Amino acid sequence: MPQFSLARKLRDEAPPIFFTPRQQMWVVSKASLVADMLKRHDLFSSDPEFTLWRQQMPVRSLPPAYDPPEHSEARRIVAPLFTPNS
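Position numbers for residues start from 1 in each chain and track the written sequence from start to end. Per-residue local features are limited, in this predicted model, to residues with pLDDT of at least 70; the limit for side-chain atom pairs, both in listing and counting, is 80 or more; totals at the level of whole chains, interfaces and linings are taken over all residues. Calculation of side-chain values draws on the structure's entire complement of heavy atoms; hydrogens and water are dropped beforehand.

Q: Let's hear about helix α4 (residues 70-82): which residues, and what values?
A: The end-to-end C-alpha separation of α4 is 19 Å, in line with the 18 Å expected for 13 residues at 1.5 Å each. At every residue, the bend is computed as the angle between two fitted axes, covering the seven residues ending there and the seven beginning there respectively. Secondary structure follows DSSP: runs of H or I at least 4 residues long count as helices, runs of E at least 2 residues long count as strands, and numbering of each begins at the N terminus. Arginine 76 marks where α4 bends most, by close to 35°; the proline proline 80 follows one to four residues later. Here a helix's expected span is defined as the number of its residues, less one, multiplied by 1.5 Å.

Below is the structure:
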């Protein structure tokens, strides 16, 4: 499958963070870096003000496209839908 060979190529040859001019976005290919970035909304924001492609298409999905405190409120609302009943 082509996606596996692409993933292997990225892992072996690409830097862990790089910019793609065609898609106008940053790619982070190392899981530990992604986890750190998701915890640091003060440095890595989903706000359209800081995201050029979102300025052109400002519709945001919930909750991943929001930073706290909006993310926290959205997560509080949807979490019961994904939590098993006890």
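There is more to say, and it comes next.
Q: Tell me about the pattern of salt bridges, residues and numbers included.
A: Side chains carrying opposite charge are able to pair once their charged atoms draw close together. One speaks of a salt bridge when a side-chain nitrogen belonging to Lys or Arg is within 4 Å of a carboxyl oxygen belonging to Asp or Glu. Under the counting rule described, the total for this entry stands at four salt bridges. The salt bridge involving lysine 9 is made with glutamate 13; its shortest N-O contact spans 3.2 Å. Taken together, the residues lysine 9 and glutamate 13, both in helix α1 (residues 2-13) and four residues apart, mark about one turn of the helix. With its nearest N and O atoms 2.6 Å apart, the salt bridge here joins arginine 76 to glutamate 73. Remark: glutamate 73 and arginine 76 occur in helix α4; sequence separation between them is three residues, near one turn of the helix. Exposed residues in this analysis have more than 50% of their type's maximum accessible area, buried residues have under 20%, and partly exposed residues fall in between, with area computed by a 1.4 Å probe over protein chains only. Overall, arginine 76 belongs to the exposed group, its relative accessible area being 53%. With a relative accessible area of 38%, glutamate 73 lands in the partly exposed category.

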